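Listed below are the residues making up each chain.
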Amino acid sequence: MAVNWAERIAAFSRSPSDFLSCTTAEGFLAELLRELRDDRASYNVKVILLSPLCEYPTLLCPSVSVGEETALELMSVFAQCPPKSLQFQCHLLLALTSVLLCTSCLSTRSRASQDFLDLLLQIAQDTSDLHGDGAQRSLRATACDCLRELEACCPGLLSQRLELLSGLRQQETSRLHQAYAGLHTLALRNAVYVLAQQTGAGAEDLKALLGGNAAVVWEADPDSGPMNNQDSPLPSPLVLGPMGRVPTLQTGPDCKELRSLLSSLLEESYLLTPLCQAALLHGLIEVVVMVPGFSPAIFRAQLLRLLGTSEVCLLHTTLLMKAAFTDSLFSAEDETFILKRLVGLSQHPLLSTPEKLFYMDCILHFPENRPISGGDGDETLPVLLTPRLAAALVPTVFNDSATMLARLNLLSLVYLEEGEEGEGEGGRGLAYLYDHLTSLLRIVENWGGREMVVTFFRASFLFLFHFCHVERYSCDLTEKLCALYLRHTRLAPHLINLADRTQDRLGESGWAVGLLGALQRAVTEAPLTQLTLQDLSWHLKVLARAAEEGELSQQSALGFLFSVITSSSSSLCVSGDWRLGNGVLGVCRRLLVHPSLDSLLIPLADILQHLTCHYGDTDIQDHARLYYALLTTLSREKLGGVLAQGATEGGRQVKKRTLSSIMAESEELTSALAIHRTERPVFKLVELDNREPPQGTESERNIDLKPDQTESCPGEESAALEAYRAQFHSPGFASEITLNYQLTHTEACDSRFDQLFSIRLHFELTDNHYEELGDISVPCLFRERVAPPVRLSLKPRRPYPTALHASAIFTSQDGLSWHTVLPDIRVAFQQAFVPLPAPPASGAEGKLRVFEGLWGEICSGKCGEKGLADCATSLFCSQLEEAALVALVEKHFLPYLISEPSDNEEYKVLFFLPPQSHMLLKIRSEEDAVQFNIATDNWQLLPHINSFLLTITESSQQEIVDS
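Now for a description of the structure that goes with this document. Treat the numbers as computed from the prediction; the structure is a model and nothing was measured.

### Here's the deal with the overall build of the protein chain
When helices and strands are tallied, the protein chain shows 39 helices and 18 strands. A fraction of 70% describes how many contacts in the protein chain between residues 6 or more apart in sequence connect residues 24 or more apart. Per element, the accessible surface of the protein chain, about 46000 Å² overall, is 51% carbon and sulfur.

### Side note on the pattern of salt bridges
Within this structure, the stated rule accounts for 27 salt bridges. Among the salt bridges present, the one from R545 reaches E549, with a minimum N-O distance of 2.8 Å. The partner of E906 in a salt bridge is K922, with the nearest N and O atoms 4.0 Å apart. Taken together, the positions of E906 in the loop between β15 (897-899) and β16 (907-913) and K922 in strand β17 (residues 917-925) put the pair 16 residues apart, joining distant regions of the chain. Each of the two residues, E906 as well as K922, counts as buried.

### Regarding the nonpolar core
Core analysis: the biggest nonpolar cluster contains 208 residues, and L93, L188, F299 and L481 have the highest contact counts within it. Top contributing element to this core by residue count: helix α11 (residues 177-196), with 11 residues. Once residues lying within four places of it in the same chain are set aside, the contact partners of L188 are L162, L210, L261, L262, L265, L284 and V287. Counting 48 residues, the second-largest nonpolar core is a separate cluster that includes L685, F753, I825 and C871.

### Notes on the sheet that holds strand β9 (residues 776-782)
Strand order in the open sheet made by the 5 strands is β5-β12-β11-β8-β9, with mixed pairing throughout. Taken across any chain shown, the strands that pair with only one partner, and hence form the sheet edges, are β5 (675-677) and β9. Neighbour-to-neighbour, the strand axes of the sheet open up by a mean angle of 35°, direction not taken into account. Pairing of strand β8 (residues 755-765) with strand β11 (residues 802-812) involves 8 bridges; the strand directions are antiparallel. Opposite F757, over in β11, you have T811 as the bridge partner.

### Structural notes on the side chain of T142
Looking at where T142 falls in the secondary structure, it is placed in helix α9 (residues 137-153). At 2.9 Å, the side chain of T142 forms a polar contact with the backbone oxygen of S138.

### Section: the sheet that holds strand β6 (residues 683-687)
Pairing between the strands of a sheet is mediated by backbone hydrogen bonds and can be parallel or antiparallel. Within the open sheet, the 3 strands sit side by side as β6-β7-β10. Their pairing is antiparallel. The open sheet has two free edges, formed respectively by β6 and β10 (789-794), since each of these has just one partner strand. The mean inter-strand angle of the sheet, taken between neighbouring strand axes irrespective of direction, is 35°.

### So, the packing of aromatic side chains
Overall, the coordinates contain 27 aromatic pairs when judged by the stated rule. Here Y43 and F88 contribute two aromatic rings whose centre-to-centre distance is 5.3 Å and whose plane-to-plane angle is 45°, an arrangement assigned as tilted. With a gap of 45 residues between them, Y43 in helix α4 (residues 43-55) and F88 in helix α7 (residues 86-102) connect regions that are remote in the sequence. A residue is classified by how much of its surface remains accessible, and Y43, at 31% relative accessible area, is partly exposed. Take F88: its relative accessible area is 1%, and that puts it in the buried class. Aromatic pair F829 and F948: ring centres 6.4 Å apart, planes at 70°, arrangement edge-to-face. Here F829, found in the loop between β12 (817-827) and β13 (834-835), pairs with F948, found in helix α39 (residues 942-962); they are 119 residues apart in sequence, far enough to count as distant. F948 shares its class with F829; the two are buried. One aromatic cluster is present, built from ring pairs that chain together F829, F833, F893, Y896, F911 and F948.

### Looking at the pairing of strand β7 (residues 737-745)
Across a regular strand the side chains alternate sides, sitting on one face of the sheet and then on the other. In terms of residue burial, β7 counts as a mostly covered element, since 7 of its 9 residues are buried. Relative to β7, β6 runs antiparallel, the two being bridged by 5 bridges. Within β7, the position partnered with V686 by the bridge is Q742. Bridging between β7 and β10 involves 6 bridges; their strand directions are antiparallel. Residue pairing for β10: N740 is matched across the bridge by R791.

### A short note on the state of the cysteines
Considering all chains together, one arrives at 0 disulfides under this definition. Looking at the unpaired C105, the closest cysteine sulfur is the one in C61, lying at 8.1 Å.

### Re helix α18 (residues 353-364)
For α18, spanning 12 residues, the distance from its first C-alpha to its last is 17 Å, which sits close to the expected 16 Å at 1.5 Å a residue. Buried-residue contacts for α18 involve α16 (312-325), α17 (332-345) and α20 (401-418).

### Quick look at the environment of E268
Looking at where E268 falls in the secondary structure, it is placed in helix α13 (residues 256-268). In this structure E268 comes out as buried when scored by relative accessible area, which is 17%. Along the backbone, E268 and Q178 are 90 residues apart, and their C-alpha atoms lie at a distance of 9.2 Å. With residues near it in sequence (within four places) discarded, E268 still touches R169, Q170 and H177. A polar contact of 2.9 Å, which involves the side chain of E268, links it to the side chain of H177.

### Considering the pairing of β17
Across the 9 residues of β17, 7 count as buried, placing the element largely inside the fold. In the sheet, β16 pairs with β17 via 7 bridges, with the strands oriented antiparallel. The residue bridging V909 from the neighbouring strand is L921, located in β17. Here β16 folds back onto β17 in antiparallel fashion, the turn holding 3 residues. Taken together, the 7 bridges between β17 and strand β18 (residues 930-936) define a ladder with antiparallel strand orientation. Looking across to β18, one finds that S925 is bridged to V930. Linking β17 back to β18 in an antiparallel pair, the connection comprises 4 residues.

### Overview of the packing of helix α14 (residues 274-290) against α16
Two numbers describe a pair of packed helices, the interaxial angle and the distance between the axes. The contact between α14 and α16 brings their axes to 9 Å, and the two run at 10°. As judged from the angle between their axes, α14 and α16 are roughly parallel. Facing P274, L275, Q277, A278, L281, H282, I285, V288 and V289 of α14, the residues of α16 in contact are C313, L314, T317, L320, M321, A324 and F325. Partitioning the contact of α14 with α16 into residue classes produces 13 nonpolar, 3 polar and no charged.

### With respect to unusual backbone geometry
The phi angle of most residues is negative, glycine excepted, and most peptide bonds adopt the trans form. Residue P915 is bonded to the preceding P914 through a cis peptide linkage, with omega at 10°. Locating P915 in the fold gives a position in the loop between β16 and β17. Of note, S104 is a non-glycine position whose phi angle comes to about 65°, a positive value. Looking at the secondary structure, you find S104 in the loop between α7 and α8 (111-125). For S758, which is not glycine, the phi dihedral falls at a positive 50°. Tracing the backbone through its elements, the reader meets S758 in strand β8.

About the thresholds
Residues numbered from 1 in each chain as written. Predicted model: local features only at pLDDT ≥ 70, side-chain atom pairs only at ≥ 80, totals over all residues. Heavy atoms only, no water. Helix = DSSP H or I, 4+ residues; strand = E, 2+ residues; numbered from the N terminus. Contact = heavy atoms within 4.5 Å. Areas by Shrake-Rupley, 256 points an atom, 1.4 Å probe, with all protein chains shown as cover. Salt bridge = Lys/Arg side-chain N within 4 Å of Asp/Glu carboxyl O. Buried < 20%, exposed > 50% of the residue type's maximum accessible area, 1.4 Å probe, protein only. Core = buried A, V, L, I, M, F, W, Y, C linked by side-chain atoms within 4.5 Å. Pairing = 2+ DSSP bridges. Axes fitted to C-alpha atoms, helices over the stretch in contact; angles between N-to-C directions. Polar contact = N/O pair within 3.5 Å; in protein donor to acceptor, adjacent residues only side chain to side chain. Phe/Tyr/Trp six-rings, centres within 6.5 Å; stacked < 30°, edge-to-face > 60°. Disulfide = S-S within 2.5 Å. Expected span 1.5 Å × (residues − 1). Parallel < 35°, antiparallel > 145°, perpendicular 65-115°, else oblique. Nonpolar A, V, L, I, M, F, W, Y, C, P; charged D, E, K, R; others polar.

Dropping the structure here:
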């Protein structure tokens with residue numbers, strides 16, 4: 001039963017929708033609850049049964065009423081649990097919490113929710129094991145976790161139990177003190193938050209709240225949301241805290257009860273783990289922010305420890321505290337120390353890259369005591385971060401990519417603030433950054449890897465983003481990029497992307513247009529004699545992008561195109577390369593809508609006419625003829641309207657899908673050229689009977705040898721075996737297995753696929769047990785005709801069971817091409833069986849001698865001497881009736897049978913499994929069972945042999961019983 005439930009739960013977790021398609025959520029839930037109530041089921045199984053309720057509560061409990069009933073059932077199961085089933089009880093509490101929260105039972109104040117909360121509080125107060133072995137601690141810890149989850153989802157739920165939670169926290173001396181402290185802090189924060197939302201609330205209300213020990217507050221709003229919800233209508237004044245805008249509670253100058261409680265929590269924070277300390281401090285910071293009359297000086301004692309911490313979470317909390325209280329808690333010396341510490345941590349060699357990146361991000365968003373800029377979320381440097389202090393963070397080529405880019409961005413901001421002109425620190429720093437960028441360029445120029453290429457172009461964008469206005473650097477960078485491109489034309493996409501991104505963010509600078517113009521000049525002025533087809537393909541992309549800029553003159557581009565298509569050295573038109581032809585047309589198409597088209601009319605028409613008459617690809621000729629007709633018959637305004645390229649944005653023309661696009665973008669033509677995917681399998685491969693008929697005469701197949709006829713001397717067996725081995729190692733020896741299938745339509749009827757043509761079957765292996773299969777072509781498949789046969793020839797590396805993924809590409813009657821996925825093809829172990837190839841000795845006697853020789857070697861311990869170290873023997877027994885055994889042999893073993901029993905003898909069966917394995921069976925009927933003695937020269941086959949024999953014996957016995 002346990003295995004069955006484990007499999008069912010695993011199947012549900014893999015795909016709940018598929019699992020519930022065979023049953024209903026209501027039925028599956030009823031099965032789970034029934035099994036949970038069953039005393040015979042083990043608790044390990046019951047823990048597994050709870051996982052669907054924890055992971056998919058709304059799927060199994062779609063309504064509040066179903067959730068309520070399920071929760072009551074689970075609480076009944078909890079009440080009946082014995083004391084020793086602690087693990088199961090913990091999982092029950094988690095499942096109950098999940099069901100009640102996700103089905104909204106908590107928000108409707110249902111009876112099950114009230115009972116469950118009472119149960120959790122009762123468990124949390126059960127401190128009977130404080131001085132015992134602590135067996136109940138795990139249950140109490142789980143109860144605290146559940147209470148914290150309920151309080152987080154329904155803020156203020158435990159606001160009237162703060163005194164109880166405080167007492168539990170103070171009396172707990174085990175490691176559970178941390179759980180109680182976290183629960184108490186969360187309940188305190190939410191209680192103050194809810195109270196601050198009430199109009200007219202003050203110090204007396206807060207005092208009553210802190211000392212309250214009443215019942216659970218069901219009036220708490222479960223939808224009040226987190227504290228940073230800025231859209232909630234709040235009657236109290238709002239203040240901007242570190243986590244967003246929060247309501248305030250006016251309590252006067254001080255509140256002794258709150259001070260006492262916060263001091264107690266802070267004193268105990270030393271006992272918590274860093275993450276729990278951070279969560280506790282986070283909550284207490286919010287409490288103090290919401291009570292502006294309370295002095296934040298209470299955190300002063302914690303600062304010495306927090307300022308020197310090496311924990312990321314605690315340092316982050318310290319920065320949140322600084323953002324909340326600024327100079328009311330942190331002095332100028334504290335601010336300087338924190339900033340220097342962040343700079344030091346950002347370069348610490350023992351820290352990981354993510355940690356160092358985090359610290360650099362903290363510098364960019366440093367909460368100053370008296371910030372100059374008030375922008376939210378913008379990267380602004382603190383005033384105290386001078387170039388001298390930031391000098392330790394200068395980027396180097398030895399940094400990883402993320403660190404290098406982060407440092408470059410940070411230092412760029414530093415030197416931008418200091419000013420880039422003159423001989424000051426800012427000027428020297430900017431020169432260093434540009435030298436660093438030049439060093440990256442040299443690495444890329446000397447065939448740097450893809451990561452370095454990407455890093456260089458990102459660094460170039462950052463540098464331009466900050467210093468594009470410094471002409472001596474931006475112009476020099478343009479020249480270097482052009483020289484880099486001429487050496488490595490494969491970088492064209494990166495350069496085009498750099499121009500696009502720079503134009504998007506710095507459109508007013510004009511640097512991107514200048515880069516494109518420089519690249520255009522570099523391409524058109526390069527000698528044609530050194531031009532390769534690969535370089536030309538990238539040049540055409542650059543020229544096409546430059547043609548989108550109306551400011552750039554295109555005369556040189558047209559001259560370059562005309563020279564290329566008419567030059568005898570390039571032989572472009574003769575080759576008829578479709579992609580290069582498309583590249584040329586791409587430039588021409590953009591020039592058709594260029595603002596200076598009137599001056600480009602004649603050279604552009606010459607290029608299109610030459611392509612129409614001389615290009616070696618019909619498609620290119622047709623498009624060139626179309627463009628020529630449009631150019632010579634339409635005005636520039638109408639031409640722009642036809643090509644849908646009239647509008648521009650930011651100087652860059654908008655690309656739109658049009659009827660005359662070069663890549664044949666019309667719907668009909670695209671549909672004809674594309675390969676479509678079917679929604680479901682169109683056809684499948686159905687297995688035929690793969691067993692080859694036994695060869696030879698009737699007398700040879702029905703072997704019935706007498707005992708004296710089977711006797712042969714060892715020398716004859718050895719000679720027969722040696723002769724067989726010589727044949728076994730010959731090149732023509734059988735090494736493949738053949739599987740026969742029929743290709744048939746699936747049951748789903750779609751008239752579009754009644755007649756299919758040019759079917760190409762493709763197979764993919766799921767393991768390495770077999771050699772790769774080639775594709776198989778089937779001329780046609782008609783629904784009304786006989787299904788065509790398909791023969792798969794598999795060449796095993798190891799004769800194990802396997803599965804093949806199958807797919808196909810075919811053409812339907814309307815001429816469209818389709819891709820479909822076929823159901824997987826399962827190759828069973830028995831399908832790898834091959835009858836023993838005919839040995840040199842004739843007839844059955846020769847096969848028998850080979851059988852006896854192999855059996856003797858395997859069982860005699862001489863395998864190592866013969867190089868057969870993988871030999872093994874085994875025994876399989878089954879309670880088969882005589883009739884069932886005869887039927888089994890006739891059905892499964894007849895092609896491999898060597899001899900039949902006579903006078904209480906035994907069946908002898910020999911299988912050959914390509915490429916080099918054998919399986920031998922001696923089958924004998926005893927008084928109480930049928931024994932299958934097994935011998936093989938590949939011990940790794942034994943599990944598959946055992947599974948095969950188990951399957952066929954059970955099926956044969958069942959067939960006899962049914963008949």
